[in-house]
Amino acid sequence: MITIVSGKGSPGGTTTLAALAASWPAPVLLADCDPAGGDLAPGWLGHWVVNGFLRTDLGLLSHAIATRHATAGDPATLIEHVQMVPPARHVGLLSGLRTQGQHTAIGSAGWTRLTVALAAFKTAAGHPADALVDLGRFGSATPWPVLLASDLVLVAVRPTQRHVLAARPVLAELAERILPHRLGLAVCATTPAGTREVRVALGREAAVEVPMAVRTAAVFSDGIDGGALPYRSPLLRSARRVARRLHGSYHTYAPDEPRFPAVSASARLLSGGTR
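What counts, and at which threshold
Residues numbered from 1 in each chain as written. Predicted model: local features only at pLDDT ≥ 70, side-chain atom pairs only at ≥ 80, totals over all residues. Heavy atoms only, no water. Helix = DSSP H or I, 4+ residues; strand = E, 2+ residues; numbered from the N terminus. Buried < 20%, exposed > 50% of the residue type's maximum accessible area, 1.4 Å probe, protein only. Pairing = 2+ DSSP bridges. pLDDT = per-residue confidence, 0-100. Contact = heavy atoms within 4.5 Å. Axes fitted to C-alpha atoms, helices over the stretch in contact; angles between N-to-C directions. Salt bridge = Lys/Arg side-chain N within 4 Å of Asp/Glu carboxyl O.

1. Considering the environment of Gly12
Mapping Gly12 onto the fold places it in the loop between strand E1 (2-6) and helix H1 (13-23). Taking the C-alpha atoms as reference points, Gly12 and Ala31, separated by 19 residues in sequence, lie 16 Å from one another.

And the structure:
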């Protein structure tokens, strides 16, 4: 499970995580767990929400309600709340909250149950799938169970003074509870020189770096072109390289799991059926 969080200033964490999910070399769960309200469905996938293909009432909140009487997390409960992403059919979406106040309905027990389900999530075919989790802006409502269970926690930052300064207190607080090798940077809209400057300024390695690509970023943030993926863009080319590396580093294969699942099968693996 890989989680991304950010300081103030909207550095591009959601866009970067969506690009990684779209580029992931295997079935992957994209979980919108921002307590302040999710942006993935209304942003990147807004076209599909408007057309009725994706439901915003099915996701994080519906899972919390359905499991509210459970005493422990159960990964099998999650698949019914995951929807296939039409522009990237190997991606399953756990849609986020629609309003900021809804996070109180989840509660600490709900976040703990969700964390167990995310960490052990399996596709409809029974194969383990990586989970990419967007926690939005770090704050008092950020669910620590998700952070503490993550294999890698990324702090999103841009190579600007404002974003570097915003990332410092976030990194400092995370570093008190998360081991150094599990905490890194996602440098967004950057250049090689910009990434070097951020690494020096924050004293952390960049596990993810993606270049500036305004139109491609708008696909993920605002759903332009119906959310269709411009595969030749520099941002997605870079995201593919990063996704392959992260998947190779953090995914543990089951003995009977294919190492190179066919893309055509991915939709069936995650969807759990047709809609």
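2. Observations regarding the pairing of strand E4 (residues 88-94)
The element E4 is largely enclosed, with a buried count of 6 among its 7 residues. Note that strand E2 (residues 28-32) and E4 share 4 bridges and pair parallel. What sits directly across from Ala31, in E4, is Leu94. Note: strand E3 (residues 83-85) against E4, 3 bridges, orientation antiparallel. Within the sheet, the bridge partner assigned to Gln83 lies in E4 and is Leu93. Count of turn residues in the E3/E4 antiparallel hairpin: 2 residues.

3. Some remarks on the confidence of the model for the protein chain
Chain-level pLDDT for the protein chain is 90 on average; 91% of the residues reach the 70-or-more range. The element-level mean pLDDT for the protein chain is lowest in helix H10 (residues 263-271), coming to 44, with strand E6 (residues 152-157) highest at 98. Taken as a whole, residues 257-269 scores under 50 in pLDDT and shows 20 contacts with residues more than four places along the chain or in a different chain. Confidence drops under pLDDT 50 across residues 271-275; counting only partners more than four residues distant or on other chains, this segment forms 9 contacts.

4. Thoughts on the environment of Val116
With respect to the helices and strands, Val116 occurs in helix H4 (residues 107-119). Note: C-alpha distance between Val116 and Pro75 (41 residues apart in sequence) is 6.6 Å.

5. As for the sheet that holds E4
In space, the 8 strands of this open sheet follow the order E3-E4-E2-E5-E1-E6-E7-E8, with mixed pairing throughout. For this open sheet the edge positions go to E3 and strand E8 (206-211), each flanked by a neighbour on one side alone. Neighbour to neighbour, the strand axes of the sheet diverge by 25° on average, direction disregarded. Here E1 runs beside E6; their pairing, made up of 5 bridges, is parallel. Counted as the bridge partner of Val5 is Val155 from E6. Sitting on the sheet, helix H9 (residues 234-250) is in contact with E1, strand E5 (130-137), E6 and E8, with an inclination near 160° to E8.

6. Quick notes on the pattern of salt bridges
As enumerated under the stated definition, the model contains 3 salt bridges in all. Linking Arg55 and Asp57 is a salt bridge whose minimum nitrogen-to-oxygen distance equals 3.1 Å. A residue is classified by how much of its surface remains accessible, and Arg55, at 37% relative accessible area, is partly exposed. For the salt bridge of Arg215 with Asp225, the shortest nitrogen-to-oxygen distance reads 3.1 Å. Of this pair, Arg215 sits in helix H8 (residues 214-222) while Asp225 sits in the loop between H8 and H9, placing them 10 residues apart in sequence.

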